[in-house]
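# Summary of the model geometry
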Amino acid sequence: DERSMITTIGSRLGGLPLGVELAAARARTMSLAEITARLDDQLELLRIKRGVVPHQRSIAAAIDWSYELLDSEARHTLALLGAFPTGTIAHDAAGVVLQSDAPADALGPLVDASLLARSSEDADTYVMLEPIRQYAEAKLVEAGEHADARLRHAQWIARECEGVNDAYLRGDFV
C-alpha cells in the first residue's frame, strides 16, 4: 500500500530531508512503486535540474559539496569507507580497512561533517546513510582502491568468524 511504500522510501533515505524532498519531487512523474524500486541507485534517482542552488539539485551534489570541504585525508577516509557493503561500520573493521591504529581520529572529521554518525545502539559502530555510502564507493572505485579495500574488509570478517568458531568449539556459547 502507499503508506508502507512512503515509510520504506523515508527509511531507505535515512530520513534525510533533502532526499525526502527530492523523492517527493519525483512523485510528480513516477509512482511510489517506481521510486521504491529505484532506491538502489539513490545518486541517480534523487536529482532535479532547476529551481534550487546547485548543491541542492541532487543528493550527489550535496554530498559532493560536503566532500569538497574535507581535507585530502578525510576525503580518502570517506572513499575507503565505500568498501563496506552496508552503511554499518564496526570500529575495529574501520581500523583494518583504513590501515589505522586510531580509526576514531580518522573518522572524526567525517562525523563532524555529518557524513558519518556514531550508532545510537552500539558505541563501537558507525553508520553512514546509503546515498553517502554509494558516493563513497564511487570515489573508491574512481581511486582504483576498491578491490584492495574490500579485500581488507573481507579479511577482517574472516578473522572475526575464526574467533566465533573457536569460542563455539570451546563451548563458550553453550
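See the structure shown above.
What counts, and at which threshold
Residues numbered from 1 in each chain as written. Predicted model: local features only at pLDDT ≥ 70, side-chain atom pairs only at ≥ 80, totals over all residues. Heavy atoms only, no water. Pairing = 2+ DSSP bridges. Helix = DSSP H or I, 4+ residues; strand = E, 2+ residues; numbered from the N terminus. Axes fitted to C-alpha atoms, helices over the stretch in contact; angles between N-to-C directions. Parallel < 35°, antiparallel > 145°, perpendicular 65-115°, else oblique. Contact = heavy atoms within 4.5 Å. Nonpolar A, V, L, I, M, F, W, Y, C, P; charged D, E, K, R; others polar. Core = buried A, V, L, I, M, F, W, Y, C linked by side-chain atoms within 4.5 Å. Buried < 20%, exposed > 50% of the residue type's maximum accessible area, 1.4 Å probe, protein only.

Moving on, we come to the sheet that holds strand β1 (residues 88-90). Within a beta sheet, neighbouring strands are joined by backbone hydrogen bonds and run either parallel or antiparallel to one another. In space, the three strands of this open sheet follow the order β1-β3-β2, with antiparallel pairing throughout. Two strands close off the open sheet at either side, each with one partner strand: β1 and β2 (117-118). Bridging between β2 and strand β3 (residues 125-127) involves two bridges; their strand directions are antiparallel. Pairing of A117 across the sheet is with V127, part of β3.

Relative orientation of the contacting elements helix α7 (residues 91-98) and helix α8 (residues 103-112) amounts to 95°, with a least axis distance of 9 Å. If you check the angle between α7 and α8, you find them roughly perpendicular. Residues H91, A94, G95 and L98 of α7 lie in contact with α8, whose contacting residues are P103, A104, A106 and L107. The residue makeup of the contact of α7 with α8, split by class, is six nonpolar, two polar and no charged.

What follows concerns the nonpolar core. Counting residues in hydrophobic clusters, the biggest one holds 32 residues, and the most contacted among them are L78, L81, I89, L110, L116 and M128. Elements with a contribution of two residues or more to this core: α2 (17-26), α5 (59-68), α6 (72-81), α7, α8, α9 (130-142) and α10 (146-170). Here the element with the most residues in this core is α6; it accounts for five residues. Contact partners of L78, with chain neighbours within four places excluded, come to Y67, L110, L115, M128, I132, Y135 and A136. In this structure, L13, M30, I35 and L39 belong to the second largest nonpolar core, which totals seven residues.

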